[in-house]
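# Reading the structure
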Amino acid sequence: MQNERAKDVQLRMADWITRFAGSMWFVYIHVVVFAVWIVWAEKSPWPTLTLIVSLEAIFPSTFVMIGQNRQAEFTRKKADHDYEAQELELRHNTQLTELVHTLTVEIHRAVNAVAAGETDTGENAEQVPTSTA
């Protein structure tokens, strides 16, 4: 997934803009530019400044939403992967539990047979199935 993002120029650009817009340099640059503009550039900067700031706010919020969508997709894929891994682990644990149960029953039978005085000559011995798990 990281390789796919690195290859896509648009995603790299969106990542860069999001990082920059979320940095203190972004704030410092805007403070300086707007302070210079308000003090020296125009006698009545408020209508134009309000328009520019409003338009500019659209873009960082859009990049934030793009980032949130990508994060949600990553989280979904990770949850799917985790679910599959847990299901595999559950199946494996179930198989191990069944094998332990089978071995316990067989040991119990053998111990009871020895306690009852039965001897196993091999002729009438019950063949114990072995599994290769």
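Residues numbered from 1 in each chain as written. Predicted model: local features only at pLDDT ≥ 70, side-chain atom pairs only at ≥ 80, totals over all residues. Heavy atoms only, no water.

Take the overall build of the protein next. Within the protein, the secondary structure is distributed over four helices and zero strands. Listed by position from the N terminus, the elements making up the protein come as α-α-α-α. Relative to its 133 residues, the protein shows a buried fraction of 8%. In the protein, once contacts between residues fewer than 6 apart in sequence are set aside, the share between residues at least 24 apart is 44%. Element-wise, carbon and sulfur atoms account for 64% of the exposed surface of the protein, whose accessible area totals about 11400 Å². (Helix = DSSP H or I, 4+ residues; strand = E, 2+ residues; numbered from the N terminus. Buried < 20%, exposed > 50% of the residue type's maximum accessible area, 1.4 Å probe, protein only. Contact = heavy atoms within 4.5 Å. Areas by Shrake-Rupley, 256 points an atom, 1.4 Å probe, with all protein chains shown as cover.)

A cluster of nonpolar side chains, Met24, Trp25, Val27, Tyr28, Ile29, Val31 and Val33, forms an exposed patch at the surface whose accessible area comes to about 710 Å². Secondary-structure assignment places Ile29 in helix H3 (residues 24-41). (Patch = residues over 30% accessible without salt bridge, like charges linked within 9 Å, V, L, I, M, F, W, Y side chains within 5 Å. Salt bridge = Lys/Arg side-chain N within 4 Å of Asp/Glu carboxyl O.)

Once that is clear, we can look at H3. In this model H3 runs 24 Å from its N-terminal to its C-terminal C-alpha over 18 residues, within 8% of the 26 Å that 1.5 Å per residue would give. Among all positions of H3, only Phe26, His30, Phe34 and Trp37 are buried. Taken down its axis, H3 places every buried residue within 60 degrees of arc, on the same side. The outward face of H3, more than 90 degrees from its buried face, is lined by the exposed residues Trp25, Val31, Val32, Val39 and Trp40. (Expected span 1.5 Å × (residues − 1). Arc of directions from axis to C-beta.)

Time to look at the packing of helix H2 (residues 9-21) against helix H4 (residues 46-115). Two elements in contact, H2 and H4, have axes separated by 9 Å at closest approach and are oriented at 120 degrees. Taken together, H2 and H4 sit at an angle that is classed as oblique. Crossing of H2 over H4 shows left-handed handedness. For the pair H2 and H4, the contacting residues are Leu11, Ala14, Asp15, Ile17, Thr18 and Ala21 in the first and Pro60, Phe63 and Arg70 in the second. A breakdown of the residues in the contact of H2 with H4 according to their chemical character gives six nonpolar, one polar and two charged. (Axes fitted to C-alpha atoms, helices over the stretch in contact; angles between N-to-C directions. Parallel < 35°, antiparallel > 145°, perpendicular 65-115°, else oblique. Left-handed = near helix turned anticlockwise from the far one by under 90°. Nonpolar A, V, L, I, M, F, W, Y, C, P; charged D, E, K, R; others polar.)

Let us now look at the packing of aromatic side chains. Applying the stated criterion to the full structure yields four aromatic pairs. When the ring of Trp25 is compared with that of Tyr28, the centres are 5.9 Å apart and the planes differ by 85 degrees; the resulting orientation is edge-to-face. With Trp25 and Tyr28 both in helix H3, this residue pair falls three residues apart, about one helical turn. Cluster of aromatic residues (ring-pair linked, three or more members): Trp16, Phe20 and Phe26. (Phe/Tyr/Trp six-rings, centres within 6.5 Å; stacked < 30°, edge-to-face > 60°.)

Axis separation between H3 and H4 bottoms out at 11 Å; the angle between their running directions is 165 degrees. Overall, the two elements H3 and H4 adopt an arrangement that is roughly antiparallel. In this structure, the crossing between H3 and H4 has a hand that is right-handed. Where H3 approaches H4, its residues Phe26, His30, Phe34, Trp37 and Ile38 are matched on the opposing element by Trp46, Thr48, Leu49, Ile52, Val53, Glu56 and Pro60. Of the residues assigned to the contact of H3 with H4, the class counts are nine nonpolar, two polar and one charged.

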